[in-house]
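Structural features, examined
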Amino acid sequence: MTLFFVLLMVAVAAADERGTEEEGRMFILEKWKEVVKTEAGEVRVVKGSGWAGAPSPMHLGFISMEPNSLYVPQYLDATLTLFIRRGEAKVGWVYKDGLEEKKLKTGDIYVIPSGSTFYMTNTGKGQRLHIIASISTADTLGLGEFQSSFIAGGSNPASVLAGFDKQTLAAAFNISSEEVESVMRRGRGPIIFAEEAKKKRIRLMLRSWAAMEENKGKVTSPESYNLYERAPDFKNDYGWSVAVGEEDYQPLMRAGVGIFLVNLTAGAMLAPHVNPVATEYGVVLNGEGSVHVVFPNGTAAMKAEVREGDAFWAPRFFPMCHVAARSGAMEFFGFASSGKKNRPQFLAGSGSVLRALAGPELAAAFGSEEEELLEIVEAQRESTILPPWPTSSS
Ligand SMILES: *[C@@H]1O[C@H](CO)[C@@H](O)[C@H](O)[C@H]1NC(C)=O
Ligand SMILES: *[C@@H]1O[C@H](CO)[C@@H](O)[C@H](O)[C@H]1NC(C)=O
Ligand SMILES: *[C@@H]1O[C@H](CO)[C@@H](O)[C@H](O)[C@H]1NC(C)=O
């Protein structure tokens, strides 16, 4: 009964709010840091957010790599969920003590668990590689921050091996201390052009780390999952949406994330809804539009214009809706803070909770006649993705 009234208040507030001025950008993620920038590529991390000071369950990483580049071997204290936005990549990582190499293409999702050593190369011919990643912070050493530990590279980036003294390394690798010195002086940055990567030393160090030759071929790591090859969960004339959870792709359980992708045609609206399971972090992939978020107490929280590249979020239980600009389609992608199947509760449209509850109790709560109420909640015949509101031509 309580949820019922909260939803009602929310529905009314959302309706009242229509047409008011923009309420700031409190659910737009605007803090970002460039963590890598070299000639061969860059990595930007957009800081996630949690409600009321709670640590964010994730940050968003935007990786871009030039053709023929390599992101040198490293491990993180955070689980990465990669989404290949554009291009082709090869990810090599140490899975159960063997080296696994996976080829990834546009639309692929792939999970690299925290603590696994991996590297990445752009294998697309003459094509830049763009990756959007969630960086889950559940395992991190510090509160909400995360740390990359490079295992090769010498001084730039600083290799974790550099923390050991020369004699220890010489003994560990069974090489002379001169050789140790010469290896540890090298390194041309975290993302480099691959010709340099072919230098034997990097592979040598990776090999010692993983003893991969003995184990190669004995294990198979999980396959990737392509978001664009799967049929939409919902589709009508105004757009489509897809949600992928751990039931669809088991590695998401380890990451603790779900994934969604929505494409709205010009002017269409993803109906007001609540995510009862997870907090959502989204990124506009194409087009522009607006994102509306409402506090659970029924006060407008944000109505902000967004465009390609903008990141936004909505805490669990906060009603929200997304509207594509009239000028064209808007496509957005995102991560949810849980891999459990997302069952959004819609507050408007034919699949809404109001429609499900329509009856004397709901009429009484609105203080209206049942017939009048039915007329209102049944006026919208579409569900989930709603058509553009006709332009004011009347
Ligand atoms: C160390 O290297 C030397 C010379 O290459 C070799 O003879 C020896 O077997 C190696 N020791 C180990 C433990 O690998
Ligand atoms: C999204 O929809 C528009 C048309 O509304 C279409 O042109 C575009 O290709 C779609 N995007 C994807 C990824 O399917
Ligand atoms: C609703 O909640 C928000 C966020 O906690 C708060 O800022 C706002 O004042 C509340 N509004 C009302 C009417 O209680």
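A few points on the structure.

Quick notes on the rules
Residues numbered from 1 in each chain as written. Chains lettered and ligands numbered in written order. Predicted model: local features only at pLDDT ≥ 70, side-chain atom pairs only at ≥ 80, totals over all residues. Heavy atoms only, no water. Helix = DSSP H or I, 4+ residues; strand = E, 2+ residues; numbered from the N terminus. Buried < 20%, exposed > 50% of the residue type's maximum accessible area, 1.4 Å probe, protein only. Contact = heavy atoms within 4.5 Å. Areas by Shrake-Rupley, 256 points an atom, 1.4 Å probe, with all protein chains shown as cover. Pairing = 2+ DSSP bridges. Near = heavy atom within 4 Å. Polar contact = N/O pair within 3.5 Å; in protein donor to acceptor, adjacent residues only side chain to side chain. Nonpolar A, V, L, I, M, F, W, Y, C, P; charged D, E, K, R; others polar. Axes fitted to C-alpha atoms, helices over the stretch in contact; angles between N-to-C directions. Parallel < 35°, antiparallel > 145°, perpendicular 65-115°, else oblique.

1. Details of the overall build of the protein chain
- Along the backbone of the protein chain there are ten helices and 25 strands.
- Burial analysis of the protein chain (394 residues in total) assigns 50% to the buried set.
- The long-range share in the protein chain, meaning contacts at least 24 apart out of those at least 6 apart in sequence, stands at 74%.
- Entry remark: accessible area of the protein chain is about 19100 Å², with carbon and sulfur atoms responsible for 52%.

2. Topic: the pairing of strand S8 (residues 108-112)
- Of all five residues making up S8, five are buried, and the element is well covered by its neighbours.
- Side chains Asp108, Tyr110 and Ile112 of S8 all project onto a buried face; the interleaved residues Ile109 and Val111 project onto the opposite face, where all are buried too.
- Here strand S5 (residues 79-86) pairs with S8 via four bridges, running antiparallel. Of the residues in S8, the one forming a bridge with Phe83 is Ile109.
- Here two bridges tie S8 to strand S13 (residues 225-226), and the two strands are oriented antiparallel to one another. Bridge pairing in S13 places Asp108 opposite Asn226.

3. Structural notes on the sheet that holds S13
- Here we have seven strands laid out as an open sheet, ordered S1-S2-S3-S10-S5-S8-S13, and antiparallel in their pairing. Each having just a single partner strand, strand S1 (32-38) and S13 make up the two edges of the open sheet.

4. Some details on the site of ligand 2
- Close to ligand 2 lie Tyr228, Trp240, Asn263, Thr265, Ala329 and Glu331, which account for all nearby residues.
- Within the side chain of Asn263, one N or O atom sits 2.4 Å away from an oxygen atom of ligand 2.
- Out of a free accessible area of 360 Å², ligand 2 has 46% covered by protein chains.
- Looking at the shell around ligand 2, its residues break down into three nonpolar, two polar and one charged.

5. A closer look at the environment of Thr137
- You can call Thr137 buried: its relative accessible area is 8%.
- Along the backbone, Thr137 and Leu80 are 57 residues apart, and their C-alpha atoms lie at a distance of 9.4 Å.

6. A closer look at the packing of helix H2 (residues 166-173) against helix H3 (residues 177-185)
- With their axes 9 Å apart at the nearest point, H2 and H3 run at an angle of 105 degrees to one another. Relative to H3, the element H2 is oriented roughly perpendicular. Along the contact surface, H2 presents Lys166, Leu169 and Ala170, while H3 presents Ser177, Val180, Glu181 and Met184.
- Across the contact of H2 with H3, the residue classes tally to four nonpolar, one polar and two charged.

None of the figures reported here should be taken as evidence of function without further support.
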